[in-house]
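# Descriptive structure summary
Here is what each chain is made of, one letter per residue.
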Amino acid sequence: MLAEKRLISEMFFSQNGKRESNEDYLIHHPNKFYAVLDGVGGNGNGEIASKLVGETVKESLLESKSITEAIEEAEKKLSSYKTKFPLTEHMATTIAVAEILENSILISWVGDSRVYQFRDGKIMFKSYDHTWVANAVKKGVLSSVEALFHPRANQLTKSIKDSSKPVKLEQVLIDDIQPNDYFLICSDGITESWIDSDLEELFSSSYSFYYIASNLEKECKIYSDDNYTAIVFQID
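Read on for a plain summary of the structure. (Residues numbered from 1 in each chain as written. Predicted model: local features only at pLDDT ≥ 70, side-chain atom pairs only at ≥ 80, totals over all residues. Heavy atoms only, no water.)

### Digging into the state of the cysteines
Heads up, the rule is: The term disulfide is used for any two cysteine sulfur atoms that are within 2.5 Å. Remark: exposure states derive from per-residue accessible area (1.4 Å probe, protein chains only) relative to the maximum for the residue type, with buried under 20%, exposed over 50%, and partly exposed in between.
In this structure the tally under the stated criterion is zero disulfides. Cys186 forms no disulfide, and the closest cysteine sulfur to it belongs to Cys220, at a distance of 8.5 Å. In this structure Cys186 comes out as buried when scored by relative accessible area, which is 1%.

Have a look at this one:
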């Protein structure tokens, strides 16, 4: 049972990349939940959206509310903020959450912040991006390589906006969990620098947790133009 296990290792980082400000945000509570958010909206408004939603979700989950209830509460707070400050009308945020349950992990997400599960260097689960290019790849309009460099690569089709535009969370319950499985929750600044095959190599069982964590961030410092944020944890 997961409730009887502990996470033997966990690591977090959030950096500006080559941007002036960091519109990413992360929340966590050991052995309970981990989440990464990536705000959008320009003029620093994305930073407001990700923090407001992140803190609301954290507070709700600590009160044992469901993630769906938490997002509904966050949308209400976004609406209230936008009413007071009309110039923030277009702000929104993505979110990717992993909740540690008794015998499973509930993955919930909106947008292009991702959750991965790795086992012995293989991707066991990867969340599906809510973006124009992801839909195009799914329909066969673009190849996965073309999608990486497409001018609409960062165009979201789904995000958390406010209560006037409520969003439905994508959710997957993962009950196939084994000792030493890794989970990565990240913003798109990470996947700017890392393709899936390279992540599989990085998360292979031959590397230590410290090596994985330090190299994940090291490559982003070199190659990521956007903000980059990650949470990595490993199941004992």
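Here the narrative resumes, following the displayed structure.
### Some points on the sheet that holds strand E6 (residues 114-119)
As a reminder of what qualifies: For two strands to pair, DSSP has to find at least two bridges joining them. Numbering of helices and strands runs from the N terminus, with a helix taken as a DSSP run of H or I at least four residues long and a strand as a DSSP run of E at least two residues long. Orientation is described by lines fitted to C-alpha atoms, with helices fitted over the stretch in contact, and by angles between N-to-C directions that extend from 0 to 180 degrees. Should any heavy atoms of two residues lie within 4.5 Å, those residues are considered in contact.
Taken in spatial order, the five strands line up as E1-E10-E9-E6-E7 in an open sheet, and their pairing is antiparallel. Each having just a single partner strand, strand E1 (7-15) and strand E7 (122-126) make up the two edges of the open sheet. Neighbour to neighbour, the strand axes of the sheet diverge by 20° on average, direction disregarded. Two elements, strand E9 (residues 182-186) and strand E10 (residues 228-235), share five bridges in a ladder whose sense is antiparallel. Along E10, the bridge assignment pairs Cys186 with Ala230. Packed on one face of the sheet, helix H7 (residues 209-223) meets E1, E9 and E10 and runs near 10° to E1.

### Quick word on unusual backbone geometry
The residue Asn31 is not glycine, and still its phi comes out positive at about 65°. By the element assignment, Asn31 lies in the loop between strand E2 (24-29) and strand E3 (33-40). Non-glycine residue Asn180 carries a positive phi angle of around 80°. Here Asn180 shows up in the loop between strand E8 (170-174) and E9.

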